[in-house]
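Listed below are the residues making up each chain.
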Amino acid sequence: MAGVGGPVVLALETSCDETAVAVLRGCELLSAEVASQISIHQAYGGVVPEVASRNHLRSIQPLLTRALGSAGVVLGEVDAFAATAGPGLASSLMIGTSMAKGLAVAFRKPYLSVNHLEGHLLSPFFGLPGGVRPAVALVVSGGHTLLVDLDGFGRYRMMGQTQDDAAGEAFDKVGKLLGLPYPGGPHVNRLAREGNAARFDFPRSMLDSGDLHFSFSGLKTAVRYLLPKLVPGDVADVCASFQEAVVEVLVKKTLRAAADEGRATVAVSGGVSCNSRLREALEEACVQRGVELLLADPGVCTDNAAMIGFVAALKLAAGQVGSLESDIDPNLKLAVP
Ligand code: KG4
Ligand code: ZN
């Protein structure tokens, strides 16, 4: 039975290296727990799939107990069980989906599969009184860089995407080249605060390509060629200059997409949207153009289960439920171009 405020959803997210559980009542978040595996994967300089899935298996049960405890909900009160079905690492996706399906069978409740990208895409609207509204959306994470025209819940049109590395991947690869810990993004952001962004003129790839696609792999190559010429004191300047190149392309193309579509709102999400310079540059550009900016709350920028639960709650409200026979899809797409 749905209680006051809507059905209770238990959402699981295990697509990569964060194990996450959230409990929602309707679109209201009751609790959210994340167990990061960053320190485990740091020793390898990146995510090792088998290590990730084994750690999901180990963490998920205690995390679930904690999330239910802080929400003040028992399993018998949950109205639907949701999990990320893709995109992501197959062996990691299987942990969350298997657990959610098992609980759905045991408690005879619906199971909902959620697209991780839809979770990121809609996270700027989480907690907003009006819910999801038309916007041009930029999703910038470790695995994806997408520009999407969002007409409403479930109505998405792909406008542009990266042709090679994702923006977060570029941050992480440059971080690795500079000897920073994995993932490099937050470290590059931190060092960039003390650096001179005008010191190195890195390429603004595809800025004037006439379309809304991106390319970030040339930037990483430019940093690699510069490395032998650097002295240790240059690292902050490299970080600031590299970050500025990424931010400029992201901001200009996003605002261009909004103008092309005549959208009055820009919604930005994904791990890279934690970046302080990107947030600042977006704010400046949106004020200048008179466009409303919705930035995902920093707590839901990187991988989390609250955004998965939010999509599940919207699906339930729209009368959609998933099937226990549905498969995971490591290459799941958000929308057909
Ligand atoms: O959304 P997310 O947690 O996972 C994926 O779905 O990929 O994004 C992780 C990515 C990583 O590449 C990480 O370096 C990047 O987000 N990231 C940042 C910052 N915080 C996280 N990149 C730049 N600046 C940050 N402050
Ligand atoms: Zn993600």
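The structure contained in this document is the topic of the report that follows. Residue indices follow the written sequence of each chain, beginning from 1 at its first position. Here chains are named by letter from A upward and ligands by number from 1 upward, in the order in which they appear as written. Given that the model is predicted, a residue must reach a pLDDT of at least 70 before its local features are reported, and side-chain atom pairs must reach 80 or more before they are shown or counted; all residues, however, enter totals for whole chains, interfaces and linings. Side-chain numbers come from the whole structure's heavy atoms, not from hydrogens or water.

**Quick notes on the overall build of the protein chain**
Definition in use: Runs of H or I in DSSP of at least four residues are treated as helices and runs of E of at least two as strands, each being numbered from the N terminus. Throughout, radius of gyration means the C-alpha value; the globule benchmark is 2.2 Å times the number of residues raised to the power 0.38. In what follows, residue pairs with any heavy atoms lying within 4.5 Å of each other are defined as contacts. Note on areas: Shrake-Rupley with a 1.4 Å probe; residue coverage comes only from the protein chains shown. Neither His nor the chain termini are counted; the positive set is Lys and Arg, and the negative set is Asp and Glu. Think of each charge as sitting on NZ of Lys, CZ of Arg, CG of Asp or CD of Glu.
Of the regular secondary structure elements, the protein chain holds 10 helices and 10 strands. By the compact-globule yardstick of 20 Å for 337 residues, the protein chain fits well, its C-alpha radius of gyration being 20 Å. Nonlocal contacts in the protein chain, meaning residues at least 24 apart in sequence, comprise 73% of its contacts between residues at least 6 apart. For the protein chain, the exposed area adds up to about 14000 Å²; of that, 54% sits on carbon and sulfur atoms. Seen as two clouds, the 28 positive and the 34 negative side-chain charges of the protein chain have centres 2 Å apart.

**Observations regarding the coordination of the zinc ion (ligand 2)**
Ideal geometry at a metal gives 109.5 degrees between four tetrahedral donors and either 90 or 180 degrees between six octahedral ones. Here is the rule: Distances up to 2.8 Å from the metal define which N, O and S atoms are donors, and 3.2 Å serves for Na, K and Ca; water is absent from the atom set, so sites may look incomplete. Any site counts as irregular unless it has four donors with all angles between 85 and 135 degrees, making it tetrahedral, or four or six donors with opposite ones more than 155 degrees apart and the rest between 65 and 115, making it square planar or octahedral.
The protein atoms that coordinate the zinc ion (ligand 2) are His116 (NE2), His120 (NE2) and Asp303 (OD), at distances spanning 2.0 to 2.1 Å. Classification of the site at the zinc ion (ligand 2) rests on its 4 donor atoms, whose angles at the metal span 95 to 132 degrees, yielding the label tetrahedral. Ordering the donors of the zinc ion (ligand 2) by residue number gives the pattern H-x3-H-x182-D. Placement of both His116 and His120 in helix α4 (residues 116–122) is noted, with a separation of 4 residues, approximately one turn of the helix.

**Describing the pairing of strand β7 (residues 145–152)**
To be explicit about the condition: The rule is simple: take the accessible area with a 1.4 Å probe, protein chains only, and divide by the maximum for that residue type; under 20% is buried, over 50% is exposed, in between is partly exposed. Pairs of strands are assigned from DSSP output, requiring at least two bridges between the strands.
Counting buried positions over the 8 residues of β7 gives 7, a clear majority of the element. Pairing between strand β6 (residues 135–140) and β7: 6 bridges, direction antiparallel. Along β7, the bridge assignment pairs Ala137 with Val148. In this structure, the hairpin formed by β6 and β7 is closed by a connection of 4 residues. Both β7 and strand β8 (residues 155–161) contribute to a ladder of 6 bridges, which runs antiparallel. Paired with Gly152 across the two strands is Arg155, which belongs to β8. Linking two consecutive strands that pair antiparallel, namely β7 and β8, is a turn of 2 residues; a positive phi of about 85 degrees is found at Gly154 within it.

**Overview of the site of ligand 1**
What counts here: Only a single heavy atom is needed: when it lies within 4 Å of a molecule or strand, its residue is near that molecule or strand. We define a polar contact as two N or O atoms separated by no more than 3.5 Å, with the added condition that, inside protein, one atom must be a possible hydrogen donor and the other a possible acceptor, whereas residues neighbouring each other in sequence contribute only through side-chain atom pairs. The nonpolar class holds Ala, Val, Leu, Ile, Met, Phe, Trp, Tyr, Cys and Pro. Asp, Glu, Lys and Arg form the charged class, and all remaining residues, Gly among them, are polar.
Residues in contact with ligand 1 amount to 19 residues; listed here are only the nearest, Gly142, Asp172, Asn189, Asn275 and Asp303. With respect to ligand 1, the backbone of Gly185 contributes an N or O atom lying 3.2 Å from an oxygen atom. When ligand 1 sits alone it has 560 Å² of accessible area, and the protein chains cover 88% of it. Elements supplying a minimum of two residues to the shell around ligand 1: α4, α5 (167–177) and α6 (184–192). Split by residue class, the shell around ligand 1 holds 6 nonpolar, 11 polar and 2 charged.

**Observations concerning the pairing of strand β1 (residues 8–13)**
Taken across its 6 residues, β1 has 6 buried, putting it largely inside the fold. Burial of β1 is two-sided: the residues Val8, Leu10 and Leu12 facing one way and the residues Val9, Ala11 and Glu13 facing the other way are all buried. Bridge count for β1 against strand β2 (residues 18–25) is 6 bridges, and the pairing is antiparallel. Looking at the pairing, Ala11 lines up with Ala22 of β2. Connecting the antiparallel pair β1 and β2 is a turn made up of 4 residues.

**Quick look at the nonpolar core**
Condition: To define a nonpolar core, start from buried Ala, Val, Leu, Ile, Met, Phe, Trp, Tyr and Cys residues and group those joined through side-chain atoms within 4.5 Å.
The biggest cluster of nonpolar side chains holds 48 residues, and the ones touching the most others in it are Phe202, Phe242 and Leu250. Mapped onto this core, the elements with two or more residues apiece are β6, α5, α6, α7 (217–226), α8 (235–261), β9 (265–269), α9 (276–289) and β10 (292–295). With 13 residues, the single largest contributor to this core is α8. Those residues in contact with Phe242 that lie beyond four places of it in its chain are Ala170, Phe171, Val174, Val188, Phe202 and Leu219.

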